[in-house]
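Coordinates in review
Chain by chain, the residues run as shown.
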Amino acid sequence: QTKDFVFLEKTKYLNIFVEVPKDTKKSNIACEISVKKLQLSVKDDSGFTVKTIGGNLFGKVFPDGCFWCLSDEAPERFETDELDDQSENNDEAVKSSKGGYFVEIFLEKKPPDDTVWNGIFER
């Protein structure tokens, strides 16, 4: 977890939630996903970049199985130690949070990288 995004991880996929301004439209978002890289840039209506995240992913993903969308729901921000249990059964720890606006990015992991990663991006 970082101040820029929250993520939920399962062995087969990752969901990343990036908080953006409420007036963000799809035309304000540039999201590029390749086998080993993610790049997200959010601009305001004047073209000023308000948020950017990205880098080389920890593992490989299926780009055709990945997508992004705008949402007004996301998991509550967790302290890092609360997400240490990254098992398939941690759904009960996921709570919905309203009031913000988010870009949700879904990444489908590619074997043999369909395991729990040590973070989203390479260090």
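Each remark here, short or long, concerns the structure printed above.
The model shown is predicted, which means the values in this text are computed figures rather than measured ones.

On to the sheet that holds strand β4 (residues 37-43). Within the open sheet, the three strands sit side by side as β3-β4-β5. Their pairing is antiparallel. In this open sheet, the two edge strands, each paired with only one partner strand, are β3 (29-33) and β5 (49-56). Taking the axes of each pair of neighbouring strands and ignoring which way they run, one obtains an average angle of 0° across the sheet.

Another point: the pattern of salt bridges. Overall, the coordinates contain four salt bridges when judged by the stated rule. For D45, the salt bridge is made with K25, and the minimal N-O distance between the two is 2.9 Å. One end of the pair, D45, is in the loop between β4 and β5; the other, K25, is in the loop between β2 (13-19) and β3, with 20 residues separating them in the sequence. Among the residues examined, D45 registers a relative accessible area of 58% and is labelled exposed.

Definitions and cut-offs
- Residues numbered from 1 in each chain as written.
- Predicted model: local features only at pLDDT ≥ 70, side-chain atom pairs only at ≥ 80, totals over all residues.
- Heavy atoms only, no water.
- Pairing = 2+ DSSP bridges.
- Helix = DSSP H or I, 4+ residues; strand = E, 2+ residues; numbered from the N terminus.
- Axes fitted to C-alpha atoms, helices over the stretch in contact; angles between N-to-C directions.
- Salt bridge = Lys/Arg side-chain N within 4 Å of Asp/Glu carboxyl O.
- Buried < 20%, exposed > 50% of the residue type's maximum accessible area, 1.4 Å probe, protein only.

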